[in-house]
Amino acid sequence: MTRTMQDVQDERGLLHFFGRHKKSALTFLLFITYAGAVFWSNYASLQRVQGNAQTQFLLEAEKQASAISYFFSERQLETAELAESEPVVNFFRNRDLGMSFQYGLGVNVQMIEDRFEHIATRKRGGNTQQFSAFMLIDNTATRVAQWNVPEPEAGLRDWLIPENRKSRTRLCIRNCGLVIMGPVWINDAYRGELLACIDAGATFAQFCSTRAPG
């Protein structure tokens, strides 16, 4: 196949065009290459920043979760120890012996309430009381002793769990608080529950306040 004169002229025209605009074409290609490299570098950098931010967020969340878990574990332990404390045990033993409030049992109740106040004012996180109220009820849902309970609670029998042998945490919808329940067992007999109240808002606020802004 022979090329026509027109084909030869077209090829010469293209060569002449590329010859005249060779520098411009190379400059354009270099610009495209540089822009692509900058875009990819910025994209990769953004991906690294997002990955680091996500990792930091997960580490912070795990740290907060561990702190909150430790906080409630300690409060459950303290409530269990309080339910087994000498003032509580002595009250039930003396009542079993027939002691009346006028002749000694009232002193036992006062000792329990003094212990409540001591624990509440001694255990603080920052400037926040870790316990906001205490109440001891027997296995008939009768109130035995209390500290800082704002008003009588209805349905105290709902807090009795005769098969309960471990501290538990329950949400109290009425006052937006958390209640740690410490069962009272004496001589393998269920005698009641010790209820330790925690202000949920103040408690979680003290953990949130330790986080850095943003």
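Peer 1: So what exactly am I meant to see when it comes to the overall build of the protein here?
Peer 2: A tally of regular secondary structure across the protein gives 5 helices and 7 strands. Mapped from its N terminus to its C terminus, the protein presents α and β elements in the order α-α-α-α-β-β-β-β-β-β-β-α. Burial status across the protein gives 31% buried among its 214 residues. Look at the contacts in the protein between residues 6 or more apart in sequence, and 48% of them connect residues 24 or more apart. Carbon and sulfur atoms make up 58% of the accessible area of the protein, which amounts to about 14,500 Å² in all.

Peer 1: Would you explain a nonpolar patch on the surface in this entry?
Peer 2: On the surface, L26, F28, L29, F31 and I32 cluster together to form a nonpolar patch covering roughly 530 Å² of accessible area. Secondary-structure assignment places L29 in helix α2 (residues 22-83).

Peer 1: What is the right way to read the sheet that holds strand β3 (residues 133-138) from this model?
Peer 2: As a general point, the strands of a sheet are linked pairwise by backbone hydrogen bonds and lie either parallel or antiparallel. Spatial strand order, β4-β3-β7-β6-β5: 5 strands in an open sheet with antiparallel pairing. Two strands close off the open sheet at either side, each with one partner strand: β4 (143-147) and β5 (168-172). Recorded for the sheet is a direction-independent mean angle of 20° between the axes of neighbouring strands. Pairing analysis gives 4 bridges linking β3 to β4, with the strands arranged antiparallel. The partner of I137 across the bridge, within β4, is R143. Sheet strands touched by helix α3 (residues 86-96): β3, β4, β6 (177-186) and β7 (189-198). Its angle to β6, the strand with the most contacts, is close to 50°.

Peer 1: What's the story with the nonpolar core in this structure? I'm lost.
Peer 2: In terms of nonpolar packing, the biggest core is built from 27 residues, with F116, F134, L136 and L194 touching the most fellow members. Of all elements in the fold, only α2, α3, α4 (101-122), β3, β4, β6 and β7 reach the threshold of two or more residues within this core. Top element by residues in this core is α4. It accounts for 6 residues. Dropping the residues within four chain positions of it, L136 is found in contact with V88, F92, I112, F116, T142, R143, V144, A145, V184, E193 and L194. If you look at the next biggest cluster of nonpolar residues, it comprises 15 residues, including A141, L156, W159 and M181.

Peer 1: Explain α3 here, please?
Peer 2: Of all the residues in α3, the buried ones are P87, V88, V89, F91, F92 and N94. One or two steps after α3, the chain reaches G98, where phi turns positive at roughly 95°.

Peer 1: I'm lost on the environment of A80 in this one. Help?
Peer 2: Inspection of the secondary structure puts A80 in helix α2. Distance from A80 to I180, taken between C-alpha atoms, is 9.1 Å for residues 100 residues apart in sequence.

Peer 1: Got a minute to help me understand the pattern of salt bridges in this structure?
Peer 2: In a structure, side chains of opposite charge can pair up when their charged atoms sit close to one another. Summed over all chains, the structure comprises 4 salt bridges. In this structure, E78 engages R75 in a salt bridge whose closest nitrogen and oxygen atoms are separated by 2.9 Å. Of this pair, E78 and R75 both sit in helix α2, 3 residues apart, which is roughly one turn of the helix. Look at E78 and you get buried, because its relative accessible area is 14%. We classify R75 as buried; its relative accessible area is 6%. With a closest N to O distance of 2.9 Å, R191 and D96 form a salt bridge. Of this pair, R191 sits in strand β7 while D96 is found in helix α3, placing the two residues 95 residues apart along the sequence.

Cut-offs applied
Residues numbered from 1 in each chain as written. Predicted model: local features only at pLDDT ≥ 70, side-chain atom pairs only at ≥ 80, totals over all residues. Heavy atoms only, no water. Helix = DSSP H or I, 4+ residues; strand = E, 2+ residues; numbered from the N terminus. Buried < 20%, exposed > 50% of the residue type's maximum accessible area, 1.4 Å probe, protein only. Contact = heavy atoms within 4.5 Å. Areas by Shrake-Rupley, 256 points an atom, 1.4 Å probe, with all protein chains shown as cover. Patch = residues over 30% accessible without salt bridge, like charges linked within 9 Å, V, L, I, M, F, W, Y side chains within 5 Å. Salt bridge = Lys/Arg side-chain N within 4 Å of Asp/Glu carboxyl O. Pairing = 2+ DSSP bridges. Axes fitted to C-alpha atoms, helices over the stretch in contact; angles between N-to-C directions. Core = buried A, V, L, I, M, F, W, Y, C linked by side-chain atoms within 4.5 Å.

Spatial relationships are all this shows, so hold off on functional conclusions.
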